[in-house]
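An overview of the molecular structure
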Amino acid sequence: MSFLADFGKSRKYGCRDSRATTAQPYRELPERTGGVETKSRGVLKSSLLSVSKHSEITISVVMADQLPLEIIEKILKYLKPSDRLTASTVCLLWYEASLTMSLWKDVVLTFENSLDDAACVFQWTRKPVQHVKIKEINFSASIPGLFEFWSQISQNLLSLEIHGSYITEANLLNLLLQCQSLESLHFHNCRDTFITGKLFSNDLVLSHIKLAMPNLKKLAFSENSSYFSDALLDRFMALVVNLTYLSFSGTTISFHPGINKKFYSKNNGKEETKSSELVLTFDCMLQHIAKHSKTVEHLDFSQTLIDDKACIALSKVAGLKLYSLILRSCEVSGPGISGLCATQSTLTELDISSCRRITDNALSSICSLLPNLQKLSIQNCRAVTDMGISYLSQLCCLWYVNLQGLQHITSLGVENGLLSKRNETLTQINLSNTRVTEETLHQLAKNSPFLTHLNLTSCKMAVSDSSLRVVLNSLLHLRELLLDWCISLTDGGFDTSNLTVTNPAIQEDGNFPDLPLEVPSSKLQENCTLADFFSFSGLIHLSVSGCNKLTDRSLQYAFRFRELRHLDLNACPLISDTGLVALSEQNRGIEILILNYGKFTDCAMTKAISYLSRLKRLSLHGCLNLTNLTLKAIERYQLRYLSHLDISHCRLISLEYAFLFQLRMPSIRELDTAGLE
């Protein structure tokens with residue numbers, strides 16, 4: 001429940017700060033500094049720039065609490081949810097702007113393990129929560145204040161996900177009856193809830209729920225083992241008028257016709273008999289899909305036994321036009337995929353990852369019959385070769401492709417299929433565990449300039465210092481770069497000296513010289529050093545796990561990413577205290593930091609923690625030099641966002657102290673203490 005305290009404080013502090021700001025605005029006269037007006041007090045400002053007819057630039061400074069509400073809302077739209085939360089504490093006006101409904105579309109509120117704190121925090125909240133996820137909470141008994149706070153947040157609720165929780169029929173009924181705007185309902189691993197088979201068996205109860213949720217159109221029942229049945233499916237489908245999304249990922253479904261003969265009369269069939277409460281059959285699903293064929297757009301049968309025969313039966317449903325089909329880890333092959341593609345030409349997303357029977361012939365059908373396909377995942381389809389990948393050149397709308405684990409493809413197939421010409425549509429590609437070479441990365445950097453996500457995990461033949469420099473110099477829109485276990489990578493890979501006018505004494509081996517940590521700004525501007533180049537990078541997620549040749553020099557002079565939120569330095573043994581402190585000081589927005597098997601000391605960790613106030617997840621697995629002092633530093637600097645902490649196998653940290661630490665840090669939801677004594 002990491003968001004709970006944050007939301008409560010945002011409401012509390014936002015109002016308090018705003019009254020002080022609006023009641024007594026700053027009155028001091030502005031100071032003139034180089035033609036730009038600035039306030040002498042350190043408060044948030046926004047500069048409005050205008051150009052006159054004579055090209056004279058005039059900059060006027062506007063106080064944060066004087067900006068129009070519409071401008072503030074537009075500013076907040078460019079921020080991530082955690083940044084919006086911080087910005088909402090500026091003043092009352094900014095807090096009011098943060099309550100705009102459109103700003104909450106991408107925020108999922110997670111309640112985990114307990115609802116006690118939620119009942120306190122959200123009883124009077126004004127935040128328009130639209131998406132809620134409930135994880136591992138027992139609803140068998142009455143929870144004090146549950147329905148008071150639920151009535152407060154359920155008014156604008158669009159989606160509700162229940163994960164691994166046991167909830168009685170009475171409590172579930174009370175929750176759903178208040179969700180009058182609900183559009184999506186997801187049950188994940190809720191076997192205890194479905195085990196009786198009698199949920200909502202009362203027709204009167206079912207009619208009340210249907211009236212309370214007239215907008216429900218998405219249903220998901222994933223990882224529910226064998227406890228879901230045809231009878232339960234009928235009841236839930238009765239709640240939906242226009243079904244658009246249906247998922248049974250990881251749920252036991254019977255596809256064999258012999259099951260129907262066993263549970264349904266051979267003469268009457270399912271249409272004329274009562275639905276079984278013991279088995280979930282594909283025939284039952286098919287009837288409901290046919291009933292909603294004009295509105296269904298997304299189907300997910302991942303990790304089920306769906307086969308070619310079932311796919312062909314699905315393709316014959318009249319009026320069905322799918323836009324998304326997920327078939328991960330299924331038993332489908334070429335004939336089933338070809339049959340589906342022949343009738344579902346509207347598909348824009350297809351995921352057939354880990355389908356062992358998928359071959360080049362299936363990819364040929366996909367590429368020739370699905371002209372609108374935008375997302376394709378064939379991860380671990382090991383029978384696919386270069387010939388199948390070359391067919392991808394027919395998909396002109398493809399912007400996401402996952403080729404992870406295709407061990408039989410080479411650079412030839414990737415270049416012919418995706419990089420034979422300039423491709424400005426492609427923005428995300430996963431090439432991890434493939435045999436592509438450096439030449440492929442050169443072509444990728446040249447022909448796909450708008451790439452934002454690039455996964456090169458374990459691409460040992462492709463990732464070198466020279467190829468990485470080409471990627472960093474050319475792909476200026478990169479937001480996620482994964483270089484895990486590219487063991488040939490050194491500090492020289494993050495050296496962009498080929499872009500510089502003069503660069504001070506780069507060593508012949510490609511490493512950085514022993515320069516002082518603080519380089520004068522005048523010298524940086526004069527030499528156009530690496531820090532200048534990276535300070536404007538939009539990289540958000542960087543992973544160099546297992547790159548054991550990286551040293552402190554990269555962290556000191558190269559890792560200066562303004563937008564960096566997720567950094568993985570797992571198993572980088574040459575990185576020491578110096579690099580960690582420099583990294584933390586220069587990248588203060590980091591939210592997820594993985595430092596497993598590092599040789600850091602308590603002193604360095606304390607300094608790093610003082611800079612990283614936004615940490616949400618910190619992994620220190622196997623850091624043998626750390627002691628209880630690191631936990632004391634976390635307490636001292638009050639990392640209020642920190643929810644996950646891994647200190648497993650840090651042998652100098654006391655297990656008893658770790659338990660006391662968790663009691664004093666209510667924000668910690670998950671504390672891994674394996675191997676502590």
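Residues numbered from 1 in each chain as written. Predicted model: local features only at pLDDT ≥ 70, side-chain atom pairs only at ≥ 80, totals over all residues. Heavy atoms only, no water.

1. Points about the overall build of the chain
Scanning the chain for helices and strands turns up 26 helices and 26 strands. Sorting the 677 residues of the chain into buried and exposed places 52% on the buried side. Considering only contacts in the chain between residues 6 or more positions apart, those separated by 24 or more positions represent 76%. Accessible area of the chain: about 30600 Å², with a carbon and sulfur share of 52%. (Helix = DSSP H or I, 4+ residues; strand = E, 2+ residues; numbered from the N terminus. Buried < 20%, exposed > 50% of the residue type's maximum accessible area, 1.4 Å probe, protein only. Contact = heavy atoms within 4.5 Å. Areas by Shrake-Rupley, 256 points an atom, 1.4 Å probe, with all protein chains shown as cover.)

2. Topic: the environment of Leu-172
With respect to the helices and strands, Leu-172 occurs in helix α7 (residues 169-177). By relative accessible area, Leu-172 is classed as buried at 0%. In the structure, Leu-172 is positioned 33 residues away from Phe-139 in sequence and 8.5 Å away in space, judged by C-alpha atoms. Sequence-distant contacts of Leu-172, that is, excluding residues within four places in its chain, are made with Ile-162, Ile-167, Phe-187, Leu-199 and Phe-200.

3. A closer look at the packing of helix α23 (residues 577-586) against helix α24 (residues 602-611)
It is the contact of α23 with α24, at a shortest axis distance of 8 Å, that shows an interaxial angle of 5°. Comparing the axis directions of α23 and α24 gives the class roughly parallel. Here Asp-577, Leu-580, Val-581, Ser-584 and Glu-585 of α23 lie close against α24, whose contacting residues are Ala-604, Met-605, Lys-607, Ala-608 and Tyr-611. Residues that form the contact of α23 with α24 fall into these classes: six nonpolar, one polar and three charged. (Axes fitted to C-alpha atoms, helices over the stretch in contact; angles between N-to-C directions. Parallel < 35°, antiparallel > 145°, perpendicular 65-115°, else oblique. Nonpolar A, V, L, I, M, F, W, Y, C, P; charged D, E, K, R; others polar.)

4. Re the packing of aromatic side chains
Tallied over the full model, the rule gives 16 aromatic pairs. For the pair Phe-194 and Phe-228, a centre-to-centre distance of 5.2 Å together with 90° between the ring planes defines the contact as edge-to-face. Here Phe-194, found in helix α8 (residues 191-194), pairs with Phe-228, found in the loop between β11 (218-222) and α10 (230-237); they are 34 residues apart in sequence, far enough to count as distant. Phe-228 carries the same exposure label as Phe-194, and that label is buried. Here the aromatic rings of Phe-221 and Phe-228 are separated by 4.5 Å at their centres, their planes lie at 40°, and the arrangement is tilted. Judged on exposure class, the residue Phe-221 and its partner Phe-228 are both buried. Among the aromatic residues, those joined into a ring-pair cluster are Phe-187, Phe-194, Phe-200, Phe-221, Phe-228, Phe-236 and Phe-248. Above the face of the Tyr-400 ring, Lys-375 is positioned so that its terminal group lies 5.4 Å from the ring centre. (Phe/Tyr/Trp six-rings, centres within 6.5 Å; stacked < 30°, edge-to-face > 60°. Lys NZ or Arg CZ within 6 Å of the ring centre and 35° of its normal.)

5. Some words on the nonpolar core
By size, the foremost hydrophobic cluster in this structure holds 169 residues, and its most contacted members are Phe-111, Phe-236, Phe-301 and Leu-403. Non-local contacts of Phe-301, meaning those with residues more than four positions away in its chain, are made with Phe-248, Ile-253, Phe-282, Met-285, Ile-289, Ile-306, Leu-314, Ile-326, Leu-327 and Cys-330. Ala-64, Leu-67, Trp-94 and Trp-104 belong to the second largest nonpolar core, which has 11 residues in total. (Core = buried A, V, L, I, M, F, W, Y, C linked by side-chain atoms within 4.5 Å.)

6. A look at the packing of α10 against helix α12 (residues 282-291)
The contact between α10 and α12 brings their axes to 10 Å, and the two run at 15°. Here α10 is positioned roughly parallel relative to α12, judged by the angle of their axes. The chirality of how α10 crosses α12 is right-handed. Counted together, Asp-230, Leu-233, Asp-234 and Met-237 of α10 and Cys-284, Met-285 and His-288 of α12 form the full contact between these two elements. Among the residues making up the contact of α10 with α12, the classes are represented as four nonpolar, one polar and two charged. (Left-handed = near helix turned anticlockwise from the far one by under 90°.)

7. Quick look at the pairing of strand β10 (residues 184-188)
Within β10, four of the five residues are buried, which leaves the element mostly enclosed by the surrounding structure. The pairing of β10 with β11 spans five bridges and is parallel. Paired with Phe-187 across the bridge in β11 is Phe-221. (Pairing = 2+ DSSP bridges.)

8. Quick look at α23
Along an α-helix, a turn takes 3.6 residues, which lines up residues three or four apart on a common side. Of the residues making up α23, those classed as buried are Gly-579, Leu-580, Val-581, Ala-582, Leu-583 and Ser-584. Each element contacted by the buried residues of α23 is listed here: α22 (552-557), β22 (566-568) and α24.

9. Quick look at the pairing of strand β6 (residues 131-135)
Here four bridges tie strand β5 (residues 109-112) to β6, and the two strands are oriented parallel to one another. Considered in β6, the bridge of Glu-112 is made with Lys-135. Examined bridge by bridge, β6 and strand β8 (residues 159-163) share five bridges and lie parallel to one another. Counted as the bridge partner of Val-132 is Leu-160 from β8.

10. Re the pattern of salt bridges
Scanning the model with the defined rule gives 15 salt bridges in all. Between Arg-664 and Glu-635 there is a salt bridge whose closest N-O contact spans 2.6 Å. Pair noted here: Arg-664 is in helix α26 (residues 655-664) and Glu-635 is in helix α25 (residues 628-636), with a separation of 29 residues, a long-range link. Linked by salt bridges that have partners in common, Asp-83, Arg-565, Glu-591, Arg-614 and Lys-616 make up one network. (Salt bridge = Lys/Arg side-chain N within 4 Å of Asp/Glu carboxyl O.)

11. Regarding the side chain of Ser-448
The residue Ser-448 is located in the loop between α18 (438-447) and β19 (453-455) in this model. Look at Ser-448 and you get buried, because its relative accessible area is 0%. When near neighbours in sequence (up to four residues on either side) are disregarded, Ser-448 contacts Leu-419, Asn-423, Leu-426, Gln-443 and Leu-475.

12. Focus on the environment of Asn-242
Its place among the elements puts Asn-242 in the loop between α10 and β12 (245-247). Each residue touching Asn-242, except ones within four places of it in the same chain, is listed here: Lys-217, His-292 and Thr-295.

13. A few points about the confidence of the model for the chain
As a general rule, the predicted coordinates of low-pLDDT regions are not to be interpreted in detail. Confidence in the prediction for the chain averages 83 pLDDT; 81% of positions are at 70 or higher. In the predicted structure, residues 1-61 sits below a pLDDT of 50 and forms 99 contacts with residues beyond four places in sequence or in another chain. Across residues 498-536, where pLDDT falls below 50, the model places 69 contacts with residues more than four positions away in sequence or in other chains. (pLDDT = per-residue confidence, 0-100.)

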